[in-house]
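Observations on chain architecture
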Amino acid sequence: MKTLSQLSALKDNKEKISMVTAYDYPSAKQVEAADIDIILVGDSLGMTVLGYDSTVQVTVADMIHHAKAVRRGAPKTYVVVDVPFGAVGVNDQYDLEIAVKLYKETDANAIKAEGAHLTQYIKNCANLGIPVVSHLGLTPQSVGIMGYKMQAGNKEAALQLIEDAYAVQQAGAVMLVLEAVPSDLASEISDRLDIPVIGIGAGKGIDGQVLVYHDLLNYGVEHKAKFVKQFGDFSVGIDALKQYNNEVKAHQFPSDAHTYKKQIMNEVSE
Ligand code: KIV
């Protein structure tokens, strides 16, 4: 497993950092086998595997359930687990209890929290020894306010994002995820910050990239954002399922090759 300092060294050496989401044991095994640097157990699991229309419905119990499976599938990968909507911003004690629970029960390496308003939370977690990855730009948990669209598209918002990025680093964030922002702004932030900056829809001039597993593999996705590149096609599974269905209906499956042929009934009826 790459440690945080090894991941930071990649930034220092101008080597790119790869991150991808995973939500269960088999996807985590695949990501680890592909030698990806970081797994994000994203609350995007609300849409990709639970069928909700946003991340807002995802619970702490959902995150823990999926992150534990991911850890079993990828014991040697740096794992970051999302703090879901409503699990932070209540009060300091509640927020920290949930942070400890998420970190401890999932055996993750860090937690990730959305929003620039969480500097005190990042500090409190850091004081307890919990590494926090900050997530700025488009923060899907605030979809009801910001929608799914590019952020920081004017001068004031761009300056604010730079300020926020400094603030979360200053508070102790160990990494920053930047989503859906202009690429020149993202590069500038990445250059200015000491911590690794990982982008999704933030161009290639930053320290690393993250994509959602289901998006990059076309696995049950209905909508593809501009910044998603499809690297594989798991929709071929539908053809396999159709063939299975046809073979069952046509009395073709199972064939002898998939059948235990030992004759036992003669012995039973003796
Ligand atoms: O939940 C998630 O998958 C994320 C990525 C989009 C960065 O936060």
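Higher on the page you've got the structure.
Please read these numbers as outputs of a predicted model, since none were measured by experiment. (Residues numbered from 1 in each chain as written. Predicted model: local features only at pLDDT ≥ 70, side-chain atom pairs only at ≥ 80, totals over all residues. Heavy atoms only, no water.)

1. Things to note about the site of the ligand
- Around the ligand sit Thr-21, Leu-40, Gly-42, Asp-43, Ser-44, Asp-82, Lys-112, His-135, Val-177, Glu-179, Ile-200 and Val-212, and those are all the residues in its vicinity.
- Within the side chain of Ser-44, an N or O atom sits 2.5 Å from an oxygen atom of the ligand.
- Alone, the ligand offers 260 Å² of accessible surface; in the complex the protein occludes 96% of this.
- A majority-of-atoms criterion places the ligand in the largest pocket.
- Taken together, the residues that form the shell around the ligand break down as four nonpolar, four polar and four charged. (Near = heavy atom within 4 Å. Polar contact = N/O pair within 3.5 Å; in protein donor to acceptor, adjacent residues only side chain to side chain. Areas by Shrake-Rupley, 256 points an atom, 1.4 Å probe, with all protein chains shown as cover. 1 Å grid on protein atoms, 1.4 Å probe; cavity = no way out; pocket = protein on both sides within 12 Å on 5 of 7 lines; lining within 4 Å. Sits in = over half its atoms within 2 Å of the grid points. Nonpolar A, V, L, I, M, F, W, Y, C, P; charged D, E, K, R; others polar.)

2. Overview of helix α8 (residues 155-171)
- Look at α8: 24 Å from first C-alpha to last across 17 residues, which is about the 24 Å you get at 1.5 Å a residue.
- On its buried face, α8 sits against α6 (119-128), β5 (132-137), β6 (175-179) and α9 (183-192).
- Of the residues flanking the start of α8, the one acting as N-cap is Asn-154, its side-chain oxygen 3.3 Å from the backbone nitrogen of Glu-156.
- Two residues or fewer past α8, Gly-172 is found with a positive phi of approximately 120°. (Helix = DSSP H or I, 4+ residues; strand = E, 2+ residues; numbered from the N terminus. Expected span 1.5 Å × (residues − 1). Contact = heavy atoms within 4.5 Å.)

3. A word on unusual backbone geometry
- Between Phe-253 and the following residue, Pro-254, the backbone shows a cis peptide bond with an omega angle of 0°.
- Along the chain, Pro-254 turns up in the loop between α11 (236-249) and α12 (265-269).
- Phi at Asp-107 is positive, roughly 60°, even though this residue is not glycine.
- Considering the arrangement of structural elements, one finds Asp-107 in the loop between α5 (92-106) and β4 (110-114).
- Judged by relative accessible area, Asp-107 falls into the partly exposed class, the value being 49%.
- Even without a glycine there, the phi angle at Ala-180 is positive, about 50°.
- Position of Ala-180 among the secondary structure elements: in the loop between β6 and α9.
- Relative accessible area serves as the criterion here: at 7%, Ala-180 is assigned to the buried category. (Buried < 20%, exposed > 50% of the residue type's maximum accessible area, 1.4 Å probe, protein only.)

Everything listed here is a matter of geometry and, on its own, says nothing about what the molecule does.
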